[in-house]
Structures are given as C-alpha cells and as structure tokens.
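Single-letter residue listing:
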Amino acid sequence: MKRTICGLATGLFLGFGGGLFAQDDLMDFFDDGAEPAVVTAVFKAGRIINVQSPETSGKGEMNFIIAHRFGRISDGWYDLFGLDNAQMRMGLDYGVTDQLQVGVARSGFGKTLEASAKWRFVEQQEGGGSPVSLTGYSVLMRDGLRFPEDGIQRKGVHRMSYVHQLVVARKCSPDLSLALIPSLVHRNLVGNVEQANDVGTIGAGFRYKLNNRLSVNGEYHYLLPRPVEDNFVNSLSLGLDIETGGHVFQLHITNSRGMFERAFLAETTSSWQDGDLYFGFNINRVFQVGKRR
Amino acid sequence: MKQFLFLFTLCFSVTVVQAQRFSTRDARIEFLSETPVEDIQAESNEASAIFDMSNGQMAFQVPILSFHFPKALMEEHFNENYMESARYPKATFRGVVEGLDPNKEGEQFVTVKGTLEMHGVSKERTIQGTMVRDGDWWMVESQFEVACEDHAIDIPKVVTENIAEIIGVTLRAELELK
C-alpha cells in the first residue's frame, strides 16, 4: 500500500516536473495566467434605437441625447415626407459607476417627464464567466398633459406609468451583437376600458458593424396577448449608427413615434404594412463631468 | 527510502531548472499621446513579463483591454476604433537582452532586440532600458516610442490634431524569481 502511494506520488511529481520542463517556450507563461476579460462596446449608444442597449454612461460621464421623430413619411410632399413636424425628446444620462446610470428626460409627446435607473449587474466575459450581460432598466414616466374637462375626477397619481425591463445581451463576434429584452409596462390610468393597465412585451435587437464607425441596428417588440383587445401594434425599427469621435448619430425608420418606453412598447399605432413610418434620429453627445478614477 | 531520495532529487532538479526565470503578472505600462490640443494618457497594471537569465530571453505581454483612460469614451474609442482589441486582444514583445552582466550590482543599461507585435502587425525593434538586480528580483524599466503607422493603426484626419502619430511608452516591471 505504502509502495503504491509512493509510486503514485512519484508519478505525480514526474508529471508535474515534466510539465515544468516542457515550458521551454517563454510565451507559455502568458497563456497560463489568462484571466476572463469583460466584453465591452456591445452596442454603440445607450439605446439600440428606441429601446435600451446594455450600454451605460461611464463613471462621471454625462450623456446628452437629443432625439427627433418626424411626421409620417406617407404624408408625402405636402409635409415634405414628415420633415415639417417633429416630436422631440431631450435626455441626460449620468454614470454613477461604470455599471450604474441614472437619467432624466423630457418628451414633447404627451409632455412626458422621465426618471430612470439602469444597472448592468452581470458583465459578459470572455475566457470564462458569463456568456451574456444582464442589465436592468426601470423608468418612471409622468404624463404632463392637462386633464380634459370631461367631469371625471383624476389625481396626480393617474399621470404615472412604469416600465421595468431586462436586457440580456451578447456580443457574438466583434461585428455582431444581439439582445433579448423582455419588458413590463404598467399604466396607472389608460385611455379607455379597451386597454389593459399591464402589458408585457418581448423584444429583440441587434447591431451589425459595417466598419469601425458605422453599424446597422434593428429592434422588434412583440406585444404579449392582452386580456382585452386594443388597436396597438408591435414596434419595429431599423437604423444606422454613425460614430464621429464625441458624437454618435443614430438615424432610423420606425413605426413608433414616442421615444419613451410606454409609448413605443405599448402604444404604437402606426403599422409598417400601411407604410405609416417615421424617420428620426438620436444624437448622443458625451461630456466628462466627474472624475473616473 | 530510495524512493524518497529520488523524489527529493527530482524536486531539487525542478527547482534548478526554474531558477533562471524571473517573472511578474502586474507590470505597469503607461503611454502618452501629446499634441498641442490635448494630452491623452493611459495605463495598465496587468502586463505580464518573463525573463530567462540563462539565455537572456525576455518577453512582455499586455491585454489591450487592460489599459484605462481618464474618460470612458476614450477607452471605448481606443479599443473599438484604433486597437481593435476584439480582433487583436494583446500586444506582445519578445526579444533577447544584450549587454547584461547577471552578477553586477546596480543599474545596467541594456539593449533588447526583438519583435513588437500589436494590432496584428509585427515590427523588429531594438529597445533601450535599464535593469537592476536585487537578490531574487530584477527591476526592468524602459521608455520607447511606437509609431501608429508602424502597426497599421489608422488615425482619421478629423482627429489628427488630438492624437499623436508617435506614442511615448513607459514600462516598469519588477520580476521575481519563480
């Protein structure tokens, strides 16, 4: 028995020693110490088009986003294919850490004010670790339109709606990134009895890089079955990201005119089949306002 | 007893073979791009280095993603647009040290001839530096320059005022006998 153990130990040592002898190439040293690396720049901007990407503002970064959705392209020459009128959204996103972001925004659409928090709590890693990143996003929206004088009593709380979503994203190759985005929309007050207060959607998005500064993006949100029939449709958007140093320009065509989650996830009315599409853009400008380290 | 002796000898022989190798996994590399418009500085403390005293071979490797910048956006541009770290995740240098007396005390000026590979492009380089022996340690320091053009790192015209064509690199490693 003792002999066996000794033999085993010798064998082990021989194997171990052999391993050391075999390390005659210096470069082997580097392979041994390889640690998992966080995958970065999965998408170019904080939004794929309308919906959140896994990206957040870096620590101390203030991201100013100005976005427009013009009128219906199908309105033709009279409205210069929609360019005569636009909906606007202005937003500020600040990076508390490299993973945690808080933001505020204002849209002309419904005179909506937003406050949001976004946290990438799992990073995608290469060489071990998680194959996907997980990002949670919650936004509180306040409708600012004057209450109609129809005799119905409404309170401030009726203006509020909430969206919670999870962004599961993976950079599959240096060029291709994919995201799966389930969302839950809750509205304290809906337009009429035909509409549900809670709506769920399942979204998917992608980015494909054409070169280092240009990419094609797309996203689709499928409205899960609602208990009551409404006339809202699924949101589909296609666009281009153009990066020029400090700015990211996002140009797109979408059937959703609202630029906050409640509007484009749950309340899209124009359909691609009818050609009721909107041209729009997001301009992202980053300012470093706080210290990173 | 015989077996024990054999084991003992084996362990000892392993140690002897290893005795020539000095290494670290937390060497520091900084670089600086200086232009009249702005200075951009980045640093990594995750470079690996190994030096084999028996044959003078020396090698360095640093993950491109481990370089950190004062602004997150700079870091993204560095990785995405210039170094393309997803395709070329590491920069390596491998060479042979010349003019080193292993037993000499104090600072020695050395020349390392070898190949610097980054952004997928290899370039033969002769790099000057200093080495100091301190018991089981070698302190290695060097300052050298890297021309972006040498490694096919393309700097678009719009940012030529912000990014230098020649980047100054400072390296500091404390290699321990392993």
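Position numbers for residues start from 1 in each chain and track the written sequence from start to end. Each chain is given a letter, starting from A, and each ligand a number, starting from 1, according to the order in which they appear as written. Only residues with pLDDT of at least 70 get local features here, since the model is predicted, and only at 80 or more are side-chain atom pairs given and counted; chain-wide, interface and lining totals rely on the full set of residues. The side-chain quantities take in all heavy atoms of the structure and omit both hydrogens and water.

A.B. asks: Can you break down the overall build of chain B residue by residue, with the values?
C.D. replies: Secondary structure follows DSSP: runs of H or I at least 4 residues long count as helices, runs of E at least 2 residues long count as strands, and numbering of each begins at the N terminus. Helices and strands together make up the secondary structure of chain B, namely two helices and eight strands. Helices (α) and strands (β) of chain B occur, in sequence order from the N terminus, as α-β-β-β-α-β-β-β-β-β. Partly exposed describes any residue whose relative accessible area lies between the buried limit of under 20% and the exposed limit of over 50%, with all areas from a 1.4 Å probe on protein chains only and scaled to the type maximum. The proportion of buried residues among the 178 residues of chain B is 46%. In this analysis, two residues are considered to be in contact whenever any of their non-hydrogen atoms come within 4.5 Å of each other. In chain B, once contacts between residues fewer than 6 apart in sequence are set aside, the share between residues at least 24 apart is 56%.

A.B. asks: For unusual backbone geometry, give the residues involved together with the corresponding values.
C.D. replies: Working note: non-glycine residues mostly have negative phi, and peptide bonds are mostly trans. You will see that Phe81 of chain A, though not glycine, has its phi angle at about 50 degrees, which is positive. Positive phi, close to 55 degrees, is recorded for His119 of chain B, a residue that is not glycine. You can see His119 of chain B is positioned in the loop between strand S5 (107-118) and strand S6 (121-134).

A.B. asks: Go over the sheet that holds strand S4 (residues 90-98) of chain B with me, naming the residues and quoting the values.
C.D. replies: Residue and element names in this part refer to chain B. Whether two strands pair comes down to DSSP finding at least two bridges between them. Strands sit in the order S1-S2-S3-S4-S5-S6-S7-S8 around a closed barrel of eight strands; the barrel is antiparallel. Direction aside, neighbouring strands of the sheet carry axes that sit 25 degrees apart on average. Bridge count for strand S2 (residues 39-52) against strand S3 (residues 57-63) is five bridges, and the pairing is antiparallel. Among the inter-strand pairings, Ala49 is bridged to a residue of S3, identified as Phe60. All axes here are fitted lines through C-alpha atoms, helices being fitted over the stretch that makes contact, and every angle between N-to-C directions spans 0 to 180 degrees.

A.B. asks: Can you explain the packing of aromatic side chains? Please cite residues and give values.
C.D. replies: Stacked, edge-to-face and tilted labels apply to pairs of Phe, Tyr and Trp rings (six-membered ring for Trp) whose centres lie within 6.5 Å, assigned for plane angles under 30 degrees, over 60, and everything in between, in that order. Tallying each qualifying case throughout the model produces 14 aromatic pairs over all chains. On the basis of an interplanar angle of 55 degrees and a centroid distance of 5.9 Å, the ring pair of Phe70 of chain A and Phe281 of chain A is categorised as tilted. Note that Phe70 of chain A is positioned in strand S2 (residues 61-72) and Phe281 of chain A in strand S14 (residues 278-288), a separation of 211 residues in sequence. In this pair, the class of Phe70 of chain A matches that of Phe281 of chain A, namely buried. For the pair Phe22 of chain B and Phe51 of chain B, a centre-to-centre distance of 6.4 Å together with 35 degrees between the ring planes defines the contact as tilted. Of this pair, Phe22 of chain B sits in strand S1 (residues 21-34) while Phe51 of chain B is found in strand S2, placing the two residues 29 residues apart along the sequence. Of the two residues, Phe22 of chain B and Phe51 of chain B, neither departs from the other in class, the shared state being buried. In textbook terms, an aromatic cluster arises when at least three aromatic residues are bridged by ring pairs, as seen for Phe31, Phe67, Phe69 and Phe78 of chain B.

A.B. asks: Break down a nonpolar patch on the surface for me, with residues and values.
C.D. replies: Residue and element names in this part refer to chain A. To count toward a patch, a residue needs a relative accessible area over 30% and no salt bridge; like charges are then connected within 9 Å, while nonpolar side chains (Val, Leu, Ile, Met, Phe, Trp, Tyr) are connected within 5 Å. All accessible areas in this document rest on Shrake-Rupley with a 1.4 Å probe, and a residue is counted as covered only by the protein chains that are shown. Salt bridge, as used here, is a side-chain nitrogen of Lys or Arg placed within 4 Å of a carboxyl oxygen of Asp or Glu. On the surface, a nonpolar cluster with roughly 430 Å² of combined accessible area is contributed by Leu180, Ile202, Tyr220, Tyr222 and Leu224. Residue position: Ile202 is located in strand S10 (residues 198-211). On the accessibility criterion, Ile202 (37% relative accessible area) is partly exposed.

A.B. asks: Give me the lowdown on helix H2 (residues 72-82) of chain B, citing residues and values where you can.
C.D. replies: Residue and element names in this part refer to chain B. Most of H2 sits inside the fold, with 11 of its 11 residues counted as buried. Those residues of H2 not exposed but buried are Ala72, Leu73, Met74, Glu75, Glu76, His77, Phe78, Asn79, Glu80, Asn81 and Tyr82. Looking one or two places after H2, you find Glu84, whose phi comes out positive at around 50 degrees.

A.B. asks: Can you tell me about the pattern of salt bridges, naming the residues and giving the values?
C.D. replies: A full pass over the atoms with the stated rule returns 21 salt bridges over all chains. Note that Lys171 of chain A and Glu80 of chain B form a salt bridge whose closest N and O atoms lie 3.3 Å from each other. You can see Lys171 of chain A sitting in strand S8 (residues 160-171) and its partner Glu80 of chain B sitting in helix H2, one on each of two chains. Looking at Lys171 of chain A, the relative accessible area reads 9%, which means it is buried. We classify Glu80 of chain B as buried; its relative accessible area is 7%. In this structure, Arg172 of chain B and Glu141 of chain B form a salt bridge, with 2.3 Å as the shortest nitrogen-oxygen distance. Placement of the pair is Arg172 of chain B in strand S8 (residues 166-177) and Glu141 of chain B in strand S7 (residues 137-147), with a sequence separation of 31 residues.

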